[in-house]
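One-letter residues, chain by chain:
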Amino acid sequence: MIRNRHRDRQSPYLLLPNIGQLLTLRGDSTPRRGSALNEVNLIQDAAVLCSGGKIIAAGPQREMLRHPWVKKNRRKLAEIDCRGRVVLPAFVDCHTHPVFVNPRLVDFEKRINGAHYEEIAAAGGGIRSSIGPVRESSRKALSGKVQVALEAMLRQGTATVEAKSGYGLSAKDEIKSLEAIRDAAQHWPGAVSPTLLAAHVVPPEFTEKPQAYVELICEELIPAVARRKLAHYVDVFCERGAFTLEQTHEIFAAAHRNGLDTRAHVCQFTPTLLKELLAYKPASLDHMDCVHQDDVALLGQSRTVAVLLPGASYFLGHKEYPDARRLIDSGVPIALATDYNPGTSPTPSMPFIMSLACTHMKLTPAEAIAAGTINAACALRLQDRKGSIEPGKDADMAVFDVHDYREIAYWFAWNRCAEMIVAGKRQNLDGN
Ligand code: NIG
Ligand code: FE
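Just so it is clear, the model here is predicted, and its values are computed rather than measured. (Residues numbered from 1 in each chain as written. Chains lettered and ligands numbered in written order. Predicted model: local features only at pLDDT ≥ 70, side-chain atom pairs only at ≥ 80, totals over all residues. Heavy atoms only, no water.)

1. Notes on the overall build of the protein chain
Assigned secondary structure in the protein chain consists of 17 helices and 16 strands. Taken against the 2.2 N^0.38 rule, which gives 22 Å for 432 residues, the C-alpha radius of gyration of the protein chain at 21 Å falls within 12% of a compact globule. Its C-alpha atoms give the protein chain principal-axis dimensions of roughly 70 × 45 × 45 Å. With 432 residues in all, the protein chain has 62% of them scored as buried. Taking all contacts inside the protein chain whose residues are at least 6 apart in sequence as the whole, residues at least 24 apart take part in 73%. (Helix = DSSP H or I, 4+ residues; strand = E, 2+ residues; numbered from the N terminus. Rg over C-alpha atoms; globule rule 2.2 N^0.38 Å. Buried < 20%, exposed > 50% of the residue type's maximum accessible area, 1.4 Å probe, protein only. Contact = heavy atoms within 4.5 Å.)

Structure, rendered in structure tokens:
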């Protein structure tokens, strides 16, 4: 995780009293599967104690106020009165593409007129049309774009973000994109997990020799990124019109040789057999709109998290959404993320994604919250620090101005996030 350089004078001792509903999401450090996805560990009339950026204790207010730690630190304690509202772990947005310059409005209108995402991409639109502006932008300008996105995410309850490169698509411009992520992360109070997605599409100068681009990724880019610790993960868009399963193998193998972990965009438009990819123990496989039944059983036994991205289905106007119920009922650990990007999901809002998950994928509000907190933390392998409110974990919490946690997914396109506490510090959410 990239740490920020924020410094301020807030007291390191913090008490959150008068919580109407506290969702702790506590449990062991494995992703929730099956019926466990429904357990949010709700406590009514609760309080939380934090110190030095960590959770000290969380539970019924009566108990918390008698906690010896409160007596000992009473004079130093800062308080955020939650006034009967809902408190839950800050969201973990485990799949985003924030390093781009422009919205893709031409593609948007083409789709409204009936064109398909893949058709637009094949005609030079889509991801390829975002490359030029990223190559022409300075690292500083790109980091400004990333920062704007991170701030918007924070205002809607998110404090941990996975951020991919993927619109530079040359060694220089992918590295510039990852540096922009690092720079933006250092000015943001939350945590950012960076991912190299040089294998997003084959850039125009390699159209006639895609294998040479794969070699550049494996032999030049991945070693440089690993050496400079610019990314934790290597991602591949394994899809018709992007990269083949064979090429994904090569890129995953190069990632492992260089000590980086893997994740992939897969089964978005066409089914790919996942068995061979699972051998690399990827942290997550994302999209998963069309998964083969045999693979569902394999995923049910694996620790790889299936990250579902209903924002992309919504924005592309799909009638079908990923079959979340089939995955959950087969014991597959699922997570939710925004997929924030200019082509398929231009939203920074985890609550909106949770609303879509409930209305279109038939998750319960509790399942959607677990999928956007503890399971999303597992998808980034950050479950020891993020995704739940329990002693020793980072004090990252969202206060929603609602009285029942189900309202978080119920009010859509209405930001009810009232307060954010990140690393034990209250954030200024001006600009809401
Ligand atoms: O996750 N599918 C590939 N990548 C992105 C879309 C990127 C884009 O269109 O710019 C996605 O949906
Ligand atoms: Fe994506």
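2. Focus: the layout of surface pockets
By volume, the second largest pocket is sized at about 190 Å³. Considering the residues around the second largest pocket, the lining is formed by 13 residues, among which P282, S302, R303, T304 and R381 are closest to the centre. Classifying every residue of the lining of the second largest pocket by side-chain character gives five nonpolar, five polar and three charged. (1 Å grid on protein atoms, 1.4 Å probe; cavity = no way out; pocket = protein on both sides within 12 Å on 5 of 7 lines; lining within 4 Å. Points joined across faces, edges and corners; volume = space filled by probe spheres on them. Nonpolar A, V, L, I, M, F, W, Y, C, P; charged D, E, K, R; others polar.)

3. Observations concerning the side chain of T158
Structurally, T158 can be placed in strand β7 (residues 158–164). Classification of T158 as buried rests on a relative accessible area of 0%. Among residues more than four places away in sequence, those in contact with T158 are F91, D93, M153, W188, M350 and M420.

4. Notes on the environment of P348
Note that P348 resides in the loop between β13 (334–336) and α14 (350–361). The exposure class of P348 is buried, given its relative accessible area of 17%. Separated by 252 residues in sequence, P348 and T96 place their C-alpha atoms 8.8 Å apart. Leaving out residues up to four positions away in the same chain, P348 has contacts with A152, M153, Q156, T338 and Y340.

5. Concerning the site of ligand 1
Neighbouring residues of ligand 1: 15 residues in total, closest R104, Y117, Y167, Q268 and T344. One nitrogen or oxygen atom from the side chain of H97 is found 3.4 Å from an oxygen atom belonging to ligand 1. With respect to ligand 1, the side chain of R104 contributes an N or O atom lying 2.6 Å from an oxygen atom. Its atoms largely coinciding with the cavity grid, ligand 1 occupies the largest cavity. Within the shell around ligand 1, the residues separate by chemical class into four nonpolar, nine polar and two charged. (Near = heavy atom within 4 Å. Polar contact = N/O pair within 3.5 Å; in protein donor to acceptor, adjacent residues only side chain to side chain. Sits in = over half its atoms within 2 Å of the grid points.)

6. Concerning the environment of S143
Of note, S143 is situated in helix α6 (residues 139–155). On the accessibility criterion, S143 (9% relative accessible area) is buried. Excluding anything up to four places from it in sequence, S143 contacts A180, D183 and A184.

7. Comments concerning the coordination of the iron ion (ligand 2)
Those donors, H95 (NE2), H97 (NE2), H265 (NE2) and D339 (OD), are the protein atoms that reach the iron ion (ligand 2), and they lie 2.0 to 2.3 Å from it. Sequence spacing among the residues donating to the iron ion (ligand 2) works out to H-x1-H-x167-H-x73-D. Here the residue H97 occupies a position in the loop between β6 (91–93) and α3 (105–112), and H265 occupies one in strand β10 (residues 261–266), the gap between them amounting to 168 residues. For H265, a relative accessible area of 3% translates into the label buried. (Donors = N, O, S within 2.8 Å, 3.2 Å for Na, K, Ca; no water.)

8. Quick look at the pairing of strand β15 (residues 417–422)
Burial of β15 is extensive: five of the six residues sit out of reach of the surface. Summarising the sheet, strand β14 (residues 397–400) and β15 pair through four bridges and their orientation is antiparallel. Residue pairing in the sheet places F400 in a bridge with C417 of β15. (Pairing = 2+ DSSP bridges.)

9. Focus on the packing of helix α7 (residues 171–186) against helix α8 (residues 210–227)
Axes are the key here: two packed helices are described by the angle between their axes and the distance separating the axes. At a closest axis distance of 11 Å, the pairing of α7 and α8 adopts a crossing angle of 30°. With respect to α8, the axis of α7 lies roughly parallel. With respect to the hand of their crossing, α7 and α8 are arranged in right-handed fashion. Across the interface between the two elements, A171, E174, I175 and L178 from α7 touch L216, E220, L221, A224 and V225 from α8. (Axes fitted to C-alpha atoms, helices over the stretch in contact; angles between N-to-C directions. Parallel < 35°, antiparallel > 145°, perpendicular 65-115°, else oblique. Left-handed = near helix turned anticlockwise from the far one by under 90°.)

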